[in-house]
Each structure stands twice: as C-alpha cells, then as structure tokens.
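Each chain, letter by letter, is given below.
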Number of protein chains: 2
Amino acid sequence: MAVYTDISEDELVAFLGEYPVGTLLSYKGIAEGTENSNFLLHTSDSAFILTLYERRVETSDLPFFLGLMEHLSQKGISCPLPVKRNDGELIGQIAGRPAALITFLEGMWMRNPTVQHCRQVGEALAQMHIAAEDFPLQRQNALSPEGWGRLWDGCRNRADEVMPGLAKEAGKDFDEIVGQWPSDLPSGVIHADLFPDNVFFLNGKLSGVIDFYFACNDLLAYDIATCLNAWCFEKDASYNLTKGAALLAGYQSVRPLQDAELEALPLLCRGSAIRFMLTRLYDWLTIPDGPLIKKRDPLEYLRRMRFHRQIRSASEYGVGLA
Amino acid sequence: MAVYTDISEDELVAFLGEYPVGTLLSYKGIAEGTENSNFLLHTSDSAFILTLYERRVETSDLPFFLGLMEHLSQKGISCPLPVKRNDGELIGQIAGRPAALITFLEGMWMRNPTVQHCRQVGEALAQMHIAAEDFPLQRQNALSPEGWGRLWDGCRNRADEVMPGLAKEAGKDFDEIVGQWPSDLPSGVIHADLFPDNVFFLNGKLSGVIDFYFACNDLLAYDIATCLNAWCFEKDASYNLTKGAALLAGYQSVRPLQDAELEALPLLCRGSAIRFMLTRLYDWLTIPDGPLIKKRDPLEYLRRMRFHRQIRSASEYGVGLA
C-alpha cells in the first residue's frame, strides 16, 4: 500500500489547472502500487489516477512508460491513457515530484484467477507485444541477468538468514541460468510485471492492463514466463497445468511462438522466477519490518525455481494442450 | 493509511448482492482512516465507501454510529448515508468482519484550513448538535476522564521516554483537569473527532462531515474544545485567534453557548488536549515503528495543554471577536 507523499487541495487544484479535466470533486490516496503514490480523483468530467513518482522511478524513464501507454491505447489496447496537459506535456510536477494524470479504468483484479482469466491474459499479452512493435522508444531491462547479478551480490551473504542453504542453492541456479541465457529470440517491448493485480476484469472479461513501470525492451517470451509464474501457480506452489495451457494457448492464438522460444521457455521461466526471488529477497533483507508492511516471501519463488529446474520441455507447461 | 483486510471480487460481489446498488465496476483500498479498512467502490449506480470494522471497533457500537449517520442525514446534515440491505439491515459481513456500505461524499479535506473553513466547521458542529437532539440511541464516551485514566495508567511509567519530565508535567495536569471536570453542562451527541480530515469542502463550502466512529453522548462544549484544538493551532503550535474566533462565532450563530459553557471552555480545552496527547502517547509507546507508519506526535498536544493551562477566560479563545 502506498501513499508516500500527501498532497493538499491547493496544490492539486493548481496542478489540475494545467489539464483539460474539469473541476476537482474529490481525491483519495489508494493502497495500490508499491513504488509510487497513487490517488483516485473524481472531477466534474470523469475519474482519474494521479501518480506521483517516488525515488525508485527514474525520471528519465517516464517518457518511455507514459508514451507506451499512449501508444498502446491508440492501438486499441485497454490501458490507462495519460492525459496531456494543455501545453502538450505528459509529465507535470506536484509536491516536488514528477507526476502524471491517467484515465481511470473500471474493473477488478482477480485475487483468485481462473482458467478463463489466464487465457485472456495470454491473449492480451500477445496483443500488447504486437501493438508495441512500432513503439519508437527503447528502455533496457534493469532487471535482466545483469541486474539480477547486482541484487544477488547485494544479498547472497545474508540469503541463509531467510533459509539455510539458500545461498548455495540459488547461487548454483543463478550461474546456470545466466550462463545459458539466450539472446537470439524475438524481442520487443515487454510489460515485465503482468501480475494479477495489474490486470482488470469486468463481468469475466479482461477490461484493462495497468502499471507499465517495469516495461522495457527484452525477449518477448520472457514476458510469457513471468505470466506463467504469476498466474499459473496455486497457493500451495503447485503448477496448474490447465491454467498454463490456457495462458499459452491464449498467447499463441494471437502470436504463435517460434520453436526457439518454446525450447527456451523452461530456462526463461527459471530466469523470471529467480528475478522475483531476488527482488523479494532483497526487500526482505533490507526493508525494516512494520505492522502494515507485507513483505512478499522470496521462498514462494524459490519453489517455482525448483519446479522449473526439473522441466525438460515446454510441453510440460501445457503448450498444445488447450 | 489503512487496508488491514483485503477482499476478493467474489466476496464483494456476493456482499453487494444484498444491496440495491447496481453492479460492481471497481474497488480500491483507500489510505484513509486509522481504525478500519476502507474501500472506494464504483458501481453502475454511484460511488460508495465500504468499511470493514477491525478489532478496535466494538460491534455493539455499530448501530449507534450508523444510526446516527442515518439520523443526521435525514435531518439535512451532509454526511454519508449508510445504505440499507435488501432485508433492511445496515450491517453486513465480509471477510469475517462486520461491514457497512455508505454513500460516497465528494469533497476534499483541508490540509491548510483557513478562517472561513473554521467558521463553517463551527456552524456545522452546532447544526449536528441540534440535529442529534432527538437521536434515540446512547453511547458513553470511551475517552472521557475515566478512559483517560486507563490510558494514563498504561503509559505514565514510560512517558519520560518521549520527553524527560513528561510524566510529572502531564500527571499534574491530569489530576487538575479530572479533579475539576464539569458534569452539569448541556450534553448530547458529540462527534468527538472532528479533525480537518473528517470535514470535506467543495469550492470553499463545507460539503460533508465523515467518520462518526468516536461519536458518543457527552458535553456539547467539549466537542467545541476538540475543534479548537484540531483547527485553530498553527504548525508552530501557536493558537490562531482569528480562526478560533471564527469557529466560535460560527458555532454560536447556530447555537449560542451558555455562560457556564463559556466559563468551562479553558478546562474543556485542556481536557480535550490531554485526551489526544494520551492516545498519541499510548500509540507512540505501543505501536512498533515501521517505514509506512506515521505515528502522531504526542508533544504537539502537550504544547496545546500548556497553552490552555494559562488561559483565564473564553474571551482569550476569541469569543465575541468575530
């Protein structure tokens, strides 16, 4: 939950004076997102999300993130549309922080996604990959193998505090994964964080995708690997083959995967699992505890790493089953 | 900020099935309130607040709180209206917690209230006092002198951890205030927590009052004392006489104060200040620290206690000046 920076009505009215959005009726800090401060605004025209970008976001990345949302929206992808200021800019400033106003998307994220949700997520992911093909800006993935290496260096000495043996087990995996990491697969703009809380549904239909603040250029199939990790494991850490098959079939109904992508899928899944294990581990070891802090368990992703380690081919994820 | 309990779309749709509010479009946990979990809902009909009552709220008090909101709303006070379920009940249940759905009030709370805001708060407070005169339910103030005593017993031994000398200074004040506490002043239903974050304004006009979860039967003038403490001190702890005069004049324009109430005002202000000092002190000493925890400084209210201690008559608060 996240409101790191509070804002006053005076500041907000002044900020909104630069936008063609009617008059302010209310604003509430919302408990979503972990990196930025987010407010839900009602104006006489509509509802909006105001995001204040906090320290962990590089200001120089904002044109990529906001431009991508605009680009995807223009291509018919249902995602928030950044509202242009009267001077044409997408980025304003409030309370000393860069900030953007984006349209509010109705819809709910699924705490308990079903097979049908997984299929639609696969379709939407492929649609985004295609829609972003001609997006002109580029952004390196800060959480590619090189970035994992920095995280791992920062916490491998303390990993065993979380679970005895973790340093050795994850270290071996890390070396294997990074050593074999592919570079010759189709690449493009990926969402890179398409977890259930970033996908909205209304009446069972996918109604929107949000939170493009990890989006970057990377291997397209790596985005699928992240979705398999995020959507297709049950709370007991077991892989739900039916959900995986549906997600993959949904994706391939829009953009069929090349053989090389399918062959690489187990390794990409391992890489995605270690990426989330590492960011969670890093937060676990460095963020102080508190009663309202819900730190996510890195071991959830260690269990995924173990699962993927024993996979021999993409068919074990359900390719071709649905 | 407060979302202690998350809810799933399934649970929420089932819960809303009991209410005549249209179909659910979205819900967001909001970072307001400190005792309960609050969600802002959009439905096909309108916007609502869903409140899940957490442990610190006594379920047996809910009919008083919700009934009062209904009563005040029917009397023309702009406050949230609890929505009745199809079976006529005001209280439902979700995620194992008692919960209520209330109408969403547009408006913003003032981080930097002006003299004009203070005047309107005074008026609204008096209007509420009058509108609640025939409210049939009763609730004892859990934070009357008896309640302060329990808080003080629970933290006096550790008070000097916050400021050396606090135990002695506050102990002396405590004894003086409790020893002289009046009982023969006009009483009725008071809001008891009418801080700026509980009063909304739109275009400079008071548009609503929220958060009746401390409301109770007590001395009406004690509610004024709390408003003076909450609205009329600047960030440097100085009393703003112009704001105080406006708040009091606003109140008296609707319900003139009796001489006995005016005479008691300095003591009531001291009592209200020690009440908030004590709850803040208790939280300060008992709630663990955390990066997202903003505990409120008890010493802010010690400074108010010191100010009120040297007041000799209500005129020093600005009675008769505006």
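What counts, and where the lines are drawn
- Residues numbered from 1 in each chain as written.
- Chains lettered and ligands numbered in written order.
- Predicted model: local features only at pLDDT ≥ 70, side-chain atom pairs only at ≥ 80, totals over all residues.
- Heavy atoms only, no water.
- UniProt positions renumbered as here; feature names shortened; annotations may be inferred.
- Domains from an automatic or database assignment.
- Contact = heavy atoms within 4.5 Å.
- Buried area = accessible area lost by both parts, 1.4 Å probe.
- Polar contact = N/O pair within 3.5 Å; in protein donor to acceptor, adjacent residues only side chain to side chain.
- Helix = DSSP H or I, 4+ residues; strand = E, 2+ residues; numbered from the N terminus.
- Salt bridge = Lys/Arg side-chain N within 4 Å of Asp/Glu carboxyl O.
- Nonpolar A, V, L, I, M, F, W, Y, C, P; charged D, E, K, R; others polar.
- Least-squares fit on C-alpha atoms with pLDDT ≥ 70 in both.

Named according to an unreviewed UniProt entry, chain A is Homoserine kinase originating from Nitratireductor aestuarii. According to its UniProt record, chain A has this under Pathway (unreviewed entry): "Amino-acid biosynthesis; L-threonine biosynthesis; L-threonine from L-aspartate: step 4/5."

A. Summary view of the domain arrangement of chain A. Residues and elements named next belong to chain A. Looking at the assigned domains, one finds that chain A contains domain 1 (9-104) and domain 2 (109-317). Centre-to-centre separation of domain 1 and domain 2, based on C-alpha positions: 27 Å. Across the boundary between the two partners, domain 1 contributes 22 residues, which contact 23 residues of domain 2. Summing the contributions of domain 1 and of domain 2, the shared interface buries around 1900 Å²; its carbon and sulfur component is 69%. Together, Phe64, Phe65 and Leu68 form the three largest contributors to the area buried by domain 1 at its contact with domain 2, with a combined 31%. The tally of links between domain 1 and domain 2 comes to 7 residue pairs in polar contact (both at pLDDT 80 or more). It is helix α2 (residues 62-74) that provides the largest number of residues to the side of domain 1 that touches domain 2, a total of 9 residues.

B. Local environment of the interface of chain B and chain A. Contacts between the two partners involve 38 residues from chain B, matched on the other side by 38 residues from chain A. Regarding the contact of chain B and chain A, the summed buried area is about 3400 Å², with carbon and sulfur atoms giving 61% of it. Counting every contact that joins chain B to chain A gives 2 salt bridges. Put simply, A:Arg111 and B:Asp6 hold a salt bridge, and the shortest N to O gap is 3.0 Å. Counting the contacts that link chain B with chain A gives 15 residue pairs in polar contact (both at pLDDT 80 or more). Every element with two or more residues in the side of chain B that touches chain A is listed here: α1 (9-16), β1 (24-29), β2 (37-43), β6 (108-109) and β8 (199-202) of chain B. Broken down by element, the residue count for the side of chain B that touches chain A peaks at 6 residues, all from β1(B). Its residues placed into classes, the side of chain B that touches chain A shows 22 nonpolar, 7 polar and 9 charged.

C. Representation of the relation of the copies chain B and chain A. Each copy of the sequence occupies a distinct position, and chain B is placed on chain A by a rotation of 180° and an axial shift of 0.0 Å, giving an RMSD of 0.0 Å. Those values place the two copies in the arrangement expected of a two-fold rotation axis. Same-surface contact between copies: 100% of interface residues of chain B are shared with the interface of chain A.

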